[in-house]
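Residues per chain, in single letters:
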Amino acid sequence: MRFPLLALFASLPLLPLPSSLHAAPVFESEIRPLLKTHCFHCHGEGGRKEAGLDLRLRRFIVQGSPKNGPAISPGKPHASRLLDVVRSGDMPKDAKPLAPHEIALLESWIAAGAPTLRDEPTSIPDVYITDEERHFWSFQPIASPPIPPGQPNPIDAFIAPKLHAANLDFLPPADPRTLIRRASFDLLGLPPSPEQTDAFLTACSPPTPENLNRALASLVDQLLTSPHYAERWGRHWLDAAGYADSSGHDDDTTRPHAWHYRDYVVRAHSADMPWNRFLTEQLAGDELARVTHDSATAAISQQGSTDLLAATGFLRMAPDPTDAAVADPDLARNQVLADTIKTVSSSLMGLTVACAQCHDHRYDPISHADYHRLRAVFEPLYNWKQWRQPAQRLYSLYSPDERAKAAAIESEAAALDAARSAFALNRLDEIFAERLAKVPEPDREAVRTARNTEDAKRSPAQIALLKQYVEANVARNEGLLLLFDPPAEAKRKEMEAKAAALRATKPTEHFLMAATESGPPPPTFRFHRGDHLQPREEISPAVFEVLSQPIRPLLSSPNPDLPSSGRRLAFANWLTSPENPLTPRVLVNRFWLHHFGRGLVPTPGDFGTLGDRPTHPDLLDWLATDFTSHNWQLKRLHKLILTSRTWQQSHDHHPSKDREKLYCGWKLQRLDAESLRDSMLAVSGRLNPIIGGEPVPVARDVSSGRIIPGREIINPGNGMIDKIDSVATSADRRSLYIQARRSRPLTVLDTFDLPVMNPNCTSRTLSTVAPQSLLLMNDSFTVDVARSLAARLQKDAPENDDARISRAWALLFNAPPSQLDSARSLVFLHRLRSTANPNTPSAQADADALTAWAQLLLATNRFLYID
């Protein structure tokens, strides 16, 4: 009789439990975070207690304030003043009111008797971090979880259990053509050549899993040694670092020497520099080199410290308008430091530390004091009371030989200058002597004295005398020579040109834009409400309180071996130590994001309360542990990921958020802005492969308003653009080398979501909007590239359209065309040729048809997306 009864209950639908049976909210995990967000800034934070009310503990709330009495009556929502004032909207004052669900949560808590998880402390400091906040996932030490059994690749071993729990499994691996295209874009940001594809297919033959895995592993090794690998993955880091070739703000002046930092990043990736060293050099390369502002130039020429100083360009990337006139210089200087802190904390710690600049963080356990502890690390670099403008932070890259050669040339040129000046002045003296002879003898000496007296020191009588004998007013200024002796002036110009030509033979002097300290470290004060005009107590550099208990200073005492404060080096050492659980997680999550299009933590710049939780926390920690235990080297991690079943899966044709979250199948990804432009240049045969060096300048096209590669020629009369000088093949360099001007992003890149660095970018957004289609249809860049692609097809496959179609498919899609693809292409080309103007030469009509067809292929989803 029991079985039918059980079956009956099993067949009943599940109904929601009565609200009285739901677990009541508790203070520590649900109510306190709500009050912290909306109320603590007036009732508890930093010792501030409006009306005497402190809301940081349950017993404080029950106690209430001397003025209004208890704030709540446990078990009696209707008699609780706190609930009344938030429900009416009177509180929070001058701020966003609580949402209905938040009010309901508060009411439910009070009705349940205002429960707590544990006994509350008898007293708390001004900054009080709860156990719940300390135990938040991202602040916990990185675990070393055991690898689940059943998969040869550890990544798959962590992914598989959640797939199986959802009755899902890995999708079959993609075909070899798809995998080589995916791998090439993943590691190089460029499509594979037809020849590379053919070689990979041969390596995969016969098509067995073993051959595929062996061929793919070999392919990854080849791609990782390509010089284009470092360009691709260096670009990823430059987003997080906020790289720009301009200073931002209204003037957005160019930074002609920022590219040395960009090239340093590329070199570091090419060499597979361990990331703990990579980060340390960027944060404290000057301290590793033991140099300061005063010794940096000498260190470059004598000690070979160029790369260490170039690395510190990371700390010079924040917008900095102080090279121009600003309304409030002190505010602007402090904002440079604030933006630097924002870049460092978001890129390396995954925290929105900037939210604590003016008050305790509303959501995360980062106090106002914590913010200033981090500020104290960087204030010796950016001493706002002894400020150095951007031009004062440049250091010559001259070698001793180059400096000596330049000095010798300058000495020779100066001698030519002296000879030219002597010639001109002697000739003017001769002219004066000739004219002075015509002045009446009694006035000659007075005229001579007046002529030799400086303009500003002449007496009224002398001025009158020179006006009387104006023909004798021959100043000793070589620039007047043209008025008196044009042939002599021509000779003077010739001598001047000779000196200029000699100076032009000097070695070109480049400069590093680097970060160095100067003088003793200034004190750091906590700025009340973030206002530099309201300094409070002095703050020392230390680890955030949530990560150290008690608070651990970064430096117990200054390092006597360093000429600088040593604070940034100490910070870098802590950042890359086992004591810090944030940075390894942040890094491997960002690497994962660039491979899969989404991170294990979907919010790569926010590992705090408002950020998303990791979908696979054990995998995240295992990757972080594996990465740091293998010398923080990235190339090994690339290979581990690309040889996993997770990465090799075929495209999921039934995608859903749940399946994507579990990594069931490959997520279709659109090419990013740089990969799209670079690929268009590559398949057309125009890509200039030169690596490194000065950026290609950009200019505004007067007729269209587009930003294009080129140099603006400015009319000195009206300050307007006269024309744009072409930069020839330099315009076809990889997008990494196009000038990254904040106010002037290249139009083709901007349209496809190139981020604006303000101050940096921890995750790009991808849009699908009409201007992208319009650019692919109408933009002159697209048309020019299509024309070049058509010319390449004519050259590579001159015999017939079938050969050209096959070649186009191999270049753009690394696959052969289907019969339908070929038939449609042939019909398209025939129609265009048959409808061409009869006066158009046949060769031109053929080229025009191929260009239109090539442009159509460049705009296809098959070219734009990676499957």
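Cut-offs used in this document
Residues numbered from 1 in each chain as written. Predicted model: local features only at pLDDT ≥ 70, side-chain atom pairs only at ≥ 80, totals over all residues. Heavy atoms only, no water. 1 Å grid on protein atoms, 1.4 Å probe; cavity = no way out; pocket = protein on both sides within 12 Å on 5 of 7 lines; lining within 4 Å. Points joined across faces, edges and corners; volume = space filled by probe spheres on them. Helix = DSSP H or I, 4+ residues; strand = E, 2+ residues; numbered from the N terminus. Nonpolar A, V, L, I, M, F, W, Y, C, P; charged D, E, K, R; others polar. Disulfide = S-S within 2.5 Å. Buried < 20%, exposed > 50% of the residue type's maximum accessible area, 1.4 Å probe, protein only. Salt bridge = Lys/Arg side-chain N within 4 Å of Asp/Glu carboxyl O. Expected span 1.5 Å × (residues − 1). Polar contact = N/O pair within 3.5 Å; in protein donor to acceptor, adjacent residues only side chain to side chain. Contact = heavy atoms within 4.5 Å. Phe/Tyr/Trp six-rings, centres within 6.5 Å; stacked < 30°, edge-to-face > 60°. Lys NZ or Arg CZ within 6 Å of the ring centre and 35° of its normal. Core = buried A, V, L, I, M, F, W, Y, C linked by side-chain atoms within 4.5 Å. Pairing = 2+ DSSP bridges. Axes fitted to C-alpha atoms, helices over the stretch in contact; angles between N-to-C directions. Parallel < 35°, antiparallel > 145°, perpendicular 65-115°, else oblique. Arc of directions from axis to C-beta.

How do you make sense of empty space enclosed by the protein when you look at a structure like this?
In this approach a probe as big as a water molecule rolls over the atoms, and the regions it shows empty are the leftover space. Counted under the stated rule, the structure contains nine cavities of 30 Å³ or more. For the largest cavity, the calculated volume is near 250 Å³. In terms of lining, the largest cavity is formed by 21 residues, of which the most central are Arg235, Ala740, Arg741, Leu754 and Pro755. In terms of residues, the lining of the largest cavity owes the most to one element, helix 11 (residues 227-241), which gives three residues. Of the residues belonging to the lining of the largest cavity, the class tally is 13 nonpolar, two polar and six charged.

How should I be thinking about the state of the cysteines in this particular structure?
Inspection of every chain in the model, using the stated rule, returns zero disulfides. Free cysteine: Cys39, not disulfide-bonded; nearest cysteine sulfur from Cys42 at 8.5 Å. Considering cysteine sulfurs only, Cys355 is the nearest to Cys358, which forms no disulfide, with 9.8 Å between them. Given the relative accessible area of 33%, Cys358 is considered partly exposed.

I'm lost on the layout of surface pockets in this one. Help?
Its boundaries defined by the atoms lining it, the largest pocket holds a volume of some 870 Å³. For the lining of the largest pocket, the elements supplying multiple residues, two or more each, are helix 8 (176-188), helix 11, helix 24 (582-596), strand 5 (669-670), helix 29 (673-683) and strand 10 (865-866). Sort the elements by how many residues they give to the lining of the largest pocket and helix 11 lands first, with six residues. Residue composition of the lining of the largest pocket, grouped by class: 12 nonpolar, 13 polar and 16 charged. For the second largest pocket, the calculated volume is near 520 Å³. Taken together, 24 residues line the second largest pocket, and the ones lying closest to its centre are His43, Glu50, Ala51, Leu53 and Met91. Considering every element that reaches the lining of the second largest pocket, the biggest residue donor is helix 4 (residues 81-88), with four residues. When its residues are assigned to classes, the lining of the second largest pocket shows 11 nonpolar, six polar and seven charged.

Looking at this model, I keep getting lost on the pattern of salt bridges. Mind explaining?
Pairing between side chains of opposite charge can happen when their charged atoms approach one another. Summed over all chains, the structure comprises 61 salt bridges. Note that Asp286 is salt-bridged to Arg568, the shortest N-O span being 2.7 Å. Here Asp286 is found in helix 13 (residues 275-288), whereas its partner Arg568 is found in helix 23 (residues 567-575), with 282 residues between them in sequence. For the pair Asp286 and Arg568, a shared accessibility class is recorded, and that class is buried. In this structure, Glu496 and Arg492 form a salt bridge, with 3.8 Å as the shortest nitrogen-oxygen distance. One end of the pair is Glu496 and the other is Arg492, both in helix 22 (residues 486-503) and four residues apart, which spans about a single turn. Given a relative accessible area of 31%, Glu496 falls into the partly exposed group. Among the ionic contacts, a cluster of salt bridges with common partners joins Glu410, Asp417, Arg420, Arg503 and Lys506.

Before we go on, may I ask you to explain helix 11 in this structure?
For an α-helix, 3.6 residues make a turn, and residues three or four places apart therefore share a direction. For helix 11, which comprises 15 residues, the first-to-last C-alpha distance of 21 Å matches the rise-based estimate of 21 Å (1.5 Å per residue) to within 8%. The element helix 11 is largely enclosed, with a buried count of 14 among its 15 residues. Sitting at the head of helix 11, Ser226 places a side-chain oxygen 3.1 Å from the backbone nitrogen of His228.

I keep staring at the environment of Val85 and nothing clicks. Help me out?
Following the sequence through the fold, Val85 ends up in helix 4. For Val85, a relative accessible area of 15% gives the class buried. Between the alpha carbons of Val85 and Ala71 there is a distance of 9.9 Å; along the sequence they are 14 residues apart. Apart from the residues within four sequence positions on either side, Val85 is in contact with Asp90 and Met91.

I keep staring at unusual backbone geometry and nothing clicks. Help me out?
Excluding glycine, a negative phi dihedral is what most residues carry, and trans is how most peptide bonds are arranged. Met91 connects to Pro92 through a cis peptide bond whose omega is 0 degrees. In this structure, Pro206 follows Ser205 across a cis peptide bond, with omega equal to -5 degrees. Positive phi is not limited to glycine here, since Asp272 has a value of about 55 degrees. Assignment of secondary structure puts Asp272 in the loop between helix 12 (259-270) and helix 13.

Where do I start with the packing of aromatic side chains in this structure?
Aromatic ring pairs are defined here through the distance separating the ring centres and the angle between the ring planes. Evaluation of the coordinates by the stated rule reveals 25 aromatic pairs. The interplanar angle of 25 degrees and the centroid separation of 5.6 Å between the aromatic rings of Tyr382 and Trp387 together place this pair among those described as stacked. Here the two residues Tyr382 and Trp387 agree in accessibility, since each one is buried. Centroid distance Trp809 to Phe813: 5.2 Å. Interplanar angle 75 degrees. Geometry classified as edge-to-face. On the criterion of helical spacing, the pair formed by Trp809 and Phe813 is a turn pair, its members being four residues apart in helix 33 (residues 801-813). Through pairs of rings, three or more aromatic residues link up here, namely Trp237, Tyr261, Tyr264, Trp275, Phe278, Phe314, Phe591, Phe627 and Trp632. Above the face of the Trp387 ring, Arg393 is positioned so that its terminal group lies 5.1 Å from the ring centre. Directly above the ring of Tyr737 sits Arg733, whose terminal nitrogen or CZ lies 4.3 Å from the centroid.

Which parts of the structure should I look at to understand the nonpolar core?
Most often, soluble globular proteins have nonpolar side chains that are buried together. If you look at the biggest cluster of nonpolar residues, it comprises 165 residues, and the most contacted ones within it are Trp237, Tyr261, Trp275, Leu283, Phe378 and Phe571. Residues in contact with Leu283, not counting those within four places in the same chain, are Phe314, Leu315, Val344, Leu348, Phe378, Arg568, Phe571, Ala572 and Leu575.

Would you mind going over the pairing of strand 8 (residues 711-714) with me for this structure?
Along any regular strand the residues' side chains alternate between the sheet's two faces. Relative to strand 9 (residues 721-725), strand 8 is paired through four bridges, and the arrangement is antiparallel. Residue pairing in the sheet places Glu712 in a bridge with Ile724 of strand 9. In textbook terms, the turn of a hairpin is the stretch between consecutive antiparallel strands, and for strand 8 and strand 9 this stretch comprises six residues, one of which, Gly719, has a positive phi near 75 degrees.

Looking at this structure, I do not really get the packing of helix 18 (residues 400-436) against helix 22. What am I missing?
Each packed pair of helices is defined by two parameters, the angle between the axes and the distance between the axes. Helix 22 packs onto helix 18 with a crossing angle of 170 degrees between their chain directions and a minimal axis gap of 9 Å. If you check the angle between helix 18 and helix 22, you find them roughly antiparallel. Residues Ile409, Glu410, Glu412, Ala413, Ala414, Leu416, Asp417, Ala419, Arg420, Phe423, Ala424 and Arg427 of helix 18 touch helix 22, and the partners they reach there are Ala488, Lys491, Arg492, Met495, Glu496, Lys498, Ala499, Leu502 and Arg503. A breakdown of the residues in the contact of helix 18 with helix 22 according to their chemical character gives 11 nonpolar, no polar and 10 charged.

What is the right way to look at helix 34 (residues 819-834) in this model?
With 16 residues, helix 34 ought to run about 22 Å at 1.5 Å a step, and its terminal C-alpha atoms sit 22 Å apart, in line with that. Where helix 34 is concerned, the buried positions are Ser822, Ser825 and Leu829. Looking down the long axis of helix 34, one finds its buried residues gathered within 70 degrees of arc, a one-sided arrangement. Projecting away from the buried face of helix 34 at angles above 90 degrees are the exposed residues Gln819, Arg824, His830 and Arg831. Considering only its buried residues, helix 34 is in contact with helix 33 and helix 35 (842-858).

Is there a simple way to explain the environment of Pro227 in this structure?
The topology assignment puts Pro227 in helix 11. The sequence separation of Pro227 and Ile691 amounts to 464 residues, and the corresponding C-alpha distance is 8.1 Å.

Can you walk me through the side chain of Glu674 in this structure?
Tracing the chain through its elements places Glu674 in helix 29. Residue classification places Glu674 among the buried residues on the basis of a relative accessible area of 6%. A polar contact of 2.7 Å, which involves the side chain of Glu674, links it to the side chain of Arg764. Beyond its immediate chain neighbours, meaning those up to four positions away, Glu674 contacts Arg235, Ser735, Leu749, Leu754 and Arg764.

Everything listed here is a matter of geometry and, on its own, says nothing about what the molecule does.
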